[in-house]
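Fold and contact review
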Amino acid sequence: MEVLSLIGNGFLVALTPLNIGLLLMGCFVGTLLGALPGLGPVNGVAVLIPLTFAFGFDPTSSLILLCAVYFGCMYGGRISSILLNIPGDEPAIMTTLDGYPMAVQGQAANALAISGVASFVGATIAVIGLSLFAPVLARAAIHFGPADYFALYILAFATIGGIAGVDPRKTLLSAAIGLMLATVGIDPISGVPRYTMDNFHLYDGIQPIIALVGLFAISEILLLLEKSAKDRPKAIKVDRWMPQWSAIWPTRWAMLRGSGVGFVAGVLPGAGASLGSFMAYVFEKQKSNGKGTFGKGDPRGVAAPEAGNNAAAGGALIPMLSLGVPGSGTTAVLLAMLISLNVQPGPLLFERQPDLVWGLVASLYLANIALLVLNLPMIGIFTRLMMTPTWALMPVVAAITFVGVYGISNSIFDLELMVFFGVLGYIMRKLDISLVPLVLGLLLGGDMERNLRRAMSISDGDWSILIASPISISLYVLTIGFLALSVWLAVRDHKQSKAERLTEG
Amino acid sequence: MSGLSVRLFGAAVFAIAALYTLQSQTYQITFGDVLGPSVFPLIVGIPMMILSASLVIFPTGEVEWPGKDRLWRQAVALAAFVGYTMVMEELGFPIATAILIAVVGIVMGGAPWRAIALGAVFGPGLWALFDQVLGLPLDFLGTLFG
């Protein structure tokens, strides 16, 4: 029952006027960002980070705001999936499969309500899981020594790309680029400036926030410019917004199953919300597609992936907070903010700053309630705002990113750096190279090097310390197993596509 | 030739990784830390060279670059971004931002007069929001206008 009193204290932190205000604002902005096609959770959070920075909120308030945005995006993504057949963000792709057909059949109100309730169920289950498991994991991680942390970081880089499809070499290369960028600046241990090219702006190193705003937000604009703005479909007209409650109740098991699957997917490294919703949909389809109604507007096909992506989003916070190793793109961005505010997530966070951890947990409970209200009775607002044309939205977003980054340090050099990273991000995305490992490398590189050097100082230069503890050995075994699996899958896919090309040609 | 873009990217990263690895050997210290500042860059740089070299030899994935009609839009947007960083302090925030929004709005496919109107509203509007309401100091008039 210790957890209850901790959460109780958390509510005291969360229920200050500033934090409630930020929470409501975050929920609203998040739902809107999720609903607007083109702006997903990573971009949304990346754009807002410099602003929280510039306004000088304390870490707890900043984290509450950004997590509310993060959760809000997960709720909002479904709106455009259902009404436009365009996912508002990546995790909402699966919701188009059954959500849009439902809307076409005149069931838009029901589809929106089912997905709203499913989001609430998934996110709430994930927050309960977060309250229960994160402290346990943190307590276990207290026993990690420097060599074990080094092994944990290696595991994080090996797994961040996920198992699905992409060439694992590209993922690892992206992580290596991030680690390389992390070594720029004055070496904190010896005081030697490295790779600064005698530019004094680089002596402090590359600010992860500036890099990731460029990588995600600026590259998104360049990517959007490839598409023609004219070919956007019209939204399905909705005559009545009141759902039938009798339509929601039969999907309860799909919601619970989806939440369970999504939560597990979220906690695992390298998965995140997209995999969570995918797995929840596939699982539910296998379970209940007896009559072949999935893909043609089955309400359970809306409930499961929505519960799944929200549960995964919450689950992904667990490794980020308790180990300091994020499991997804958005949590990597949140980690960047915490590190920039001098908060080091990890096992000690739970002991040193319980206010931050439990204030956040309490806020997430509140955010779910606020989001349920925003997403059921007030859904009409978002469907109207969602139709803001891209040509009007993106320039303003661009201007806000420039202000935000400039606001951090009043430095033109930072803006130039951001544009540079925007171009780099665009090229890498075109080449199908994930940006998340790069961000993770840039974020964790400094710590990874420090832990390695600390371990080597302890052993006085004996490399065998890296595999001296059972913790690090098991982490390396996991890493090797994971890499072997992803290489095997990549080779198999490669062969398959070659075979397909041969049979087609 | 298939995978040319990936090969080129791999070659560029290989060159950078090689320079990075070489350069690390100049960071030597004589006392204190056992490992020193040069070993971690080696641990990063050498696998990076191997990975990028393997992408040059065995590239994967096809890339479709945008056609000319799209490429110029990206070039203009990029020029607007870079231009913004150069003239922001001279022109002051509202004017520079209005131009940025208008240019990006036009290349995104908005009607020119609408994009200009958008910039005219949001340039000063964002300044008022951030500088006046939220207390983030931004220059109203740049050095050019005193």
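Residues numbered from 1 in each chain as written. Chains lettered and ligands numbered in written order. Predicted model: local features only at pLDDT ≥ 70, side-chain atom pairs only at ≥ 80, totals over all residues. Heavy atoms only, no water.

1. Considering the overall build of chain B
Inclusion rule: Numbered from the N terminus, helices here are DSSP runs of H or I no shorter than four residues, and strands are runs of E no shorter than two. Values of the radius of gyration come from C-alpha atoms, whereas the globule rule sets the reference at 2.2 Å times the count of residues to the power 0.38. Exposure is judged per residue with a 1.4 Å probe applied to protein chains only, and the accessible area is read against the type maximum: over 50% gives exposed, under 20% gives buried, and values in between give partly exposed. Contacts were defined at the residue level, with two residues in contact if any of their heavy atoms lie within 4.5 Å. Methods summary: accessible areas were calculated by the Shrake-Rupley approach with a probe of 1.4 Å, and residue burial reflects only the protein chains presented. Counted charges follow a simple rule, with Lys and Arg positive, Asp and Glu negative, and His plus the chain ends left uncounted. Just so you know, the charge point we use is NZ for Lys, CZ for Arg, CG for Asp and CD for Glu.
In terms of regular secondary structure, chain B is built from five helices and zero strands. Traced from its N-terminal end to its C-terminal end, chain B shows the element sequence α-α-α-α-α. A globule of 146 residues ought to have a C-alpha radius of gyration of about 15 Å, yet chain B, at 23 Å, is considerably larger. Along the longest, intermediate and shortest principal axes, the C-alpha atoms of chain B span 55 × 50 × 25 Å. Across the 146 residues of chain B, 45% fall into the buried class. For chain B, contacts bridging at least 24 residues in sequence account for 62% of all contacts bridging at least 6. Accessible area of chain B: about 7,600 Å², with a carbon and sulfur share of 73%. Distance from the positive charge centre (5 side chains) to the negative charge centre (8 side chains) of chain B: 19 Å.

2. A look at the overall build of chain A
Helix and strand counts for chain A come out as 21 helices and two strands. Over its C-alpha atoms chain A spans a radius of gyration of 22 Å, differing by no more than 12% from the 23 Å that the globule rule assigns to 505 residues. Projected onto its principal axes, the C-alpha positions of chain A cover 70 × 65 × 50 Å. When each of the 505 residues of chain A is scored for burial, the buried share is 61%. Taking as baseline every contact in chain A between residues at least 6 positions apart, the subset at least 24 positions apart corresponds to 80%. Element-wise, carbon and sulfur atoms account for 66% of the exposed surface of chain A, whose accessible area totals about 19,000 Å². Placing the 29 positive and 29 negative side-chain charges of chain A at their respective mean positions leaves the two points 12 Å apart.

3. Here we look at the interface of chain A and chain B
For the record, the criterion: Buried area, as used here, totals the accessible surface that two parts lose on assembly, with accessibility defined by a 1.4 Å probe and the loss added over both. A pairing counts as a salt bridge when a side-chain nitrogen of Lys or Arg comes within 4 Å of a carboxyl oxygen of Asp or Glu. By the criterion applied in these results, polar contacts are pairs of N or O atoms within 3.5 Å in which, for protein atoms, one can donate a hydrogen and the other can accept it, and in which residues neighboring in sequence qualify only through two side-chain atoms. Residues are grouped as follows: Ala, Val, Leu, Ile, Met, Phe, Trp, Tyr, Cys and Pro are nonpolar; Asp, Glu, Lys and Arg are charged; every other residue, Gly included, is polar.
Every contact between the two is made by 67 residues of chain A and, on the other side, 63 residues of chain B. For the pair chain A and chain B, the two sides together bury roughly 5,700 Å², of which 79% comes from carbon and sulfur. Of all residues in chain A, Y195(A), L225(A) and W391(A) give up the largest surface area on contact with chain B, accounting jointly for 14% of the area buried on that side. At the boundary of chain A and chain B, one finds zero salt bridges. Scanning the region where chain A abuts chain B turns up 14 residue pairs in polar contact (both at pLDDT 80 or more). Elements that contribute at least two residues to the side of chain A that touches chain B include exactly helix 3 (41-55), helix 7 (168-182), strand 2 (193-194), helix 8 (208-224), helix 18 (390-409), helix 19 (412-430) and helix 20 (436-459) of chain A. Considering each element in turn, the side of chain A that touches chain B owes the most residues, 13 residues, to helix 18 of chain A. Looking at the side of chain A that touches chain B residue by residue, the class counts come to 44 nonpolar, 10 polar and 13 charged.

4. Observations regarding the domain arrangement of chain B
Definition in use: Each domain's limits were defined by an automated method or a database of domain assignments.
Taken domain by domain, chain B comprises domain 1 (4-57) and domain 2 (68-145). Each of domain 1 of chain B and domain 2 of chain B has a C-alpha centre, and these two points are 39 Å apart.

5. Examining the packing of helix 19 of chain A against helix 3 (residues 68-91) of chain B
Spelled out, the test is: For helices, the axis comes from a line fit to the C-alpha atoms of the stretch in contact; other axes are also lines fit to C-alpha atoms, and the angle between any two N-to-C directions lies between 0 and 180 degrees. Throughout, the term roughly parallel applies to angles under 35 degrees, roughly antiparallel to angles over 145, roughly perpendicular to angles from 65 to 115, and oblique to all others. Crossing handedness is defined as follows: a turn of the near helix away from the far one that is anticlockwise and smaller than a right angle gives a left-handed crossing, while the clockwise case is right-handed.
For the pair helix 19 of chain A and helix 3 of chain B, the least separation of the axes is 9 Å and the interaxial angle reads 170°. The orientation of helix 19 of chain A with respect to helix 3 of chain B, classified from their angle, is roughly antiparallel. The interaxial crossing formed by helix 19 of chain A with helix 3 of chain B has left-handed handedness. Judged by residue contacts, I412(A), L415(A), E416(A), V419(A), V423(A) and Y426(A) of helix 19 of chain A engage Q74(B), L78(B), F81(B), V82(B), T85(B), M88(B) and E89(B) from helix 3 of chain B. Within the contact of helix 19 of chain A with helix 3 of chain B, the residues separate by chemical class into nine nonpolar, two polar and two charged.

6. With respect to a nonpolar patch on the surface
Residue and element names in this part refer to chain A. Note the following rule: Patches here: salt-bridge-free residues with over 30% relative accessible area, like charges joined within 9 Å, nonpolar side chains (Val, Leu, Ile, Met, Phe, Trp, Tyr) joined within 5 Å.
A cluster of nonpolar side chains, contributed by F28, I369, V373, M378, I381 and L385, occupies part of the molecular surface with about 460 Å² of accessible area. For the nonpolar patch, the secondary structure elements donating two or more residues are helix 16 (354-375) and helix 17 (379-385). Tracing the chain through its elements places L385 in helix 17. Taking the relative accessible area as the measure of exposure, L385 reaches 33% and is therefore partly exposed.

7. What to know about the confidence of the model for chain A
So the rule is basically this: Looking at any residue, its pLDDT shows the predictor's confidence there, from 0 to 100.
Of the residues in chain A, 94% reach a pLDDT of 70 or more, and the chain-wide mean stands at 85. For chain A, the element scoring lowest by mean pLDDT is helix 21 (residues 470-504) of chain A, at 78; helix 19 of chain A scores highest, at 94.

8. Description of the packing of helix 14 (residues 329-340) of chain A against helix 20 of chain A
To characterise two packed helices, one gives the angle between the axes of the helices and the distance between these axes. All names here are of chain A. Two numbers describe how helix 14 lies on helix 20: the axes approach to 10 Å, and their chain directions differ by 25°. By the criterion of interaxial angle, the relationship of helix 14 to helix 20 is roughly parallel. For the element pair helix 14 and helix 20, the recorded crossing hand is left-handed. For the pair helix 14 and helix 20, the contacting residues are G329, A332, L335, A336 and I339 in the first and V436, V439, L440, L443 and L444 in the second. Residues belonging to the contact of helix 14 with helix 20 are distributed by class as follows: nine nonpolar, one polar and no charged.

9. Focus on helix 4 (residues 59-84) of chain A
Residue and element names in this part refer to chain A. The line we're drawing: By this rule, a helix spans an expected 1.5 Å times one less than how many residues it contains.
Helix length check: helix 4, at 26 residues, gives a terminal C-alpha distance of 37 Å against a target of 38 Å (1.5 Å per residue), a fit within 8%. Taking burial as the measure, the 26 residues of helix 4 include 25 buried ones, the bulk of the element. Where helix 4 begins, one side-chain oxygen reaches toward the backbone nitrogen of T60, 2.9 Å away; that side chain belongs to D58. Just downstream of helix 4 lies N85, where phi reads positive at about 65°.

10. Focus on the nonpolar core
The condition that has to hold: Nine residue types can take part in a nonpolar core, namely buried Ala, Val, Leu, Ile, Met, Phe, Trp, Tyr and Cys, and a core is a set of them joined through side-chain atoms within 4.5 Å.
I206(A), L317(A), L334(A), F402(A), M48(B) and F81(B) are the most contacted members of the largest nonpolar core, which totals 204 residues. Taken domain by domain, this core gets at least three of its residues from each of domain 1 (4-57) and domain 2 (68-145) of chain B.

11. Section: the pattern of salt bridges
Residues and elements named next belong to chain B. Within the structure shown, the criterion is met by 10 salt bridges over all chains. The salt bridge partner of D69 is R70, with a shortest N-O separation of 4.0 Å. Take D69: its relative accessible area is 48%, and that puts it in the partly exposed class. Classification of R70 as buried rests on a relative accessible area of 14%.

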